[in-house]
Amino acid sequence: MPSPNLAGSGLKGKKMARFGITTLRGPSSPEIDETIREAYGIVNLPFGGVGIAAIIYMFVEPEFRKGGLGELALEAIAAIHTVQGCDFTVLVADDNGSGKLVEWYEKNGYVRAPKLQTIMGSPNGEYGVTMIAPTAVSADFFQKCQIKWW
């Protein structure tokens, strides 16, 4: 996806989205290993477990939703987590019970991970639905997307 040209659009400098992620590969746990085995049918996990990363928060301003910005953010996050050597990304989706955000994440490759609710700080779904997805990017991602850190 080419970078949009924001010159003259009135959007330059406007906050459209923001996210916070873990920046180090986290350890696995028995609950994570069991979730991966059940959700993805992976029987033989790597020695020492899989590497886990997390999306702490992700928000797209309402006027910019449905334009692919959230999907692009997920792919950028996956790229960062891939470079960090992480195998899976976890998150807690809080949509105030509407189900819309959970469905959106499911459409983008995440599955519900009920066994991770407590270790992700949302026992009994108190703060949302815990979800997990393999950390992967398209083969040409690093050629088509430039990530700027500022």
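Scroll up to find the structure this text is about.
It should be emphasised that the depicted structure is a prediction, and the values quoted were computed from it without experimental measurement.

Draft legend 1. Spatial organisation of the nonpolar core. Ile55, Met58, Leu91, Tyr105, Tyr110 and Met131 are the most contacted members of the largest nonpolar core, which has 14 residues in total. When contributions to this core are tallied by element, the ones reaching two or more residues are β2 (52–60), α2 (69–83), β3 (88–93), α3 (100–107) and β5 (129–134). For this core, the element with the highest residue contribution is α2, accounting for 4 residues. When neighbours within four sequence positions are excluded, Ile55 is seen to be in contact with Gly20, Ile21, Leu74, Ile77, Thr89, Val90, Leu91 and Tyr110.

Draft legend 2. Spotlight on the sheet that holds strand β1 (residues 17–21). The sheet built from 5 strands is open, its strands ordered β1-β2-β3-β5-β4 with mixed pairing. Strands at the two margins of the open sheet, each flanked by one partner only, are β1 and β4 (111–112). Strand direction decides the pairing type here: β3 and β5, joined by 6 bridges, are antiparallel. Residue pairing across strands places Ala93 opposite Val129, the latter belonging to β5. Where helix α1 (residues 30–40) meets the sheet, its contacts fall on β2, β3, β4 and β5, and the angle it forms with β5 comes to roughly 70 degrees.

Draft legend 3. A look at the side chain of Gln117. Tracing the chain through its elements places Gln117 in the loop between β4 and β5. Polar side-chain contacts of Gln117 include one of 2.6 Å to the backbone nitrogen of Thr130. The contact partners of Gln117, leaving out residues within four places of it in the chain, are Ser122, Pro123, Asn124, Gly125, Gly128, Val129 and Thr130.

Draft legend 4. View of the pattern of salt bridges. Scanning the entire structure with this criterion turns up 5 salt bridges. A salt bridge links Glu34 to Lys115; the shortest N-O distance between them is 2.5 Å. Here Lys115 lies in the loop between β4 and β5 and Glu34 lies in helix α1, a separation of 81 residues in the sequence. On the accessibility criterion, Glu34 (35% relative accessible area) is partly exposed.

Draft legend 5. Region of the structure containing unusual backbone geometry. For Lys66, which is not glycine, the phi torsion reads 70 degrees and is therefore positive. Residue position: Lys66 is located in the loop between β2 and α2. Looking at Lys66, the relative accessible area reads 89%, which means it is exposed.

What counts and how
- Residues numbered from 1 in each chain as written.
- Predicted model: local features only at pLDDT ≥ 70, side-chain atom pairs only at ≥ 80, totals over all residues.
- Heavy atoms only, no water.
- Core = buried A, V, L, I, M, F, W, Y, C linked by side-chain atoms within 4.5 Å.
- Buried < 20%, exposed > 50% of the residue type's maximum accessible area, 1.4 Å probe, protein only.
- Helix = DSSP H or I, 4+ residues; strand = E, 2+ residues; numbered from the N terminus.
- Contact = heavy atoms within 4.5 Å.
- Pairing = 2+ DSSP bridges.
- Axes fitted to C-alpha atoms, helices over the stretch in contact; angles between N-to-C directions.
- Polar contact = N/O pair within 3.5 Å; in protein donor to acceptor, adjacent residues only side chain to side chain.
- Salt bridge = Lys/Arg side-chain N within 4 Å of Asp/Glu carboxyl O.

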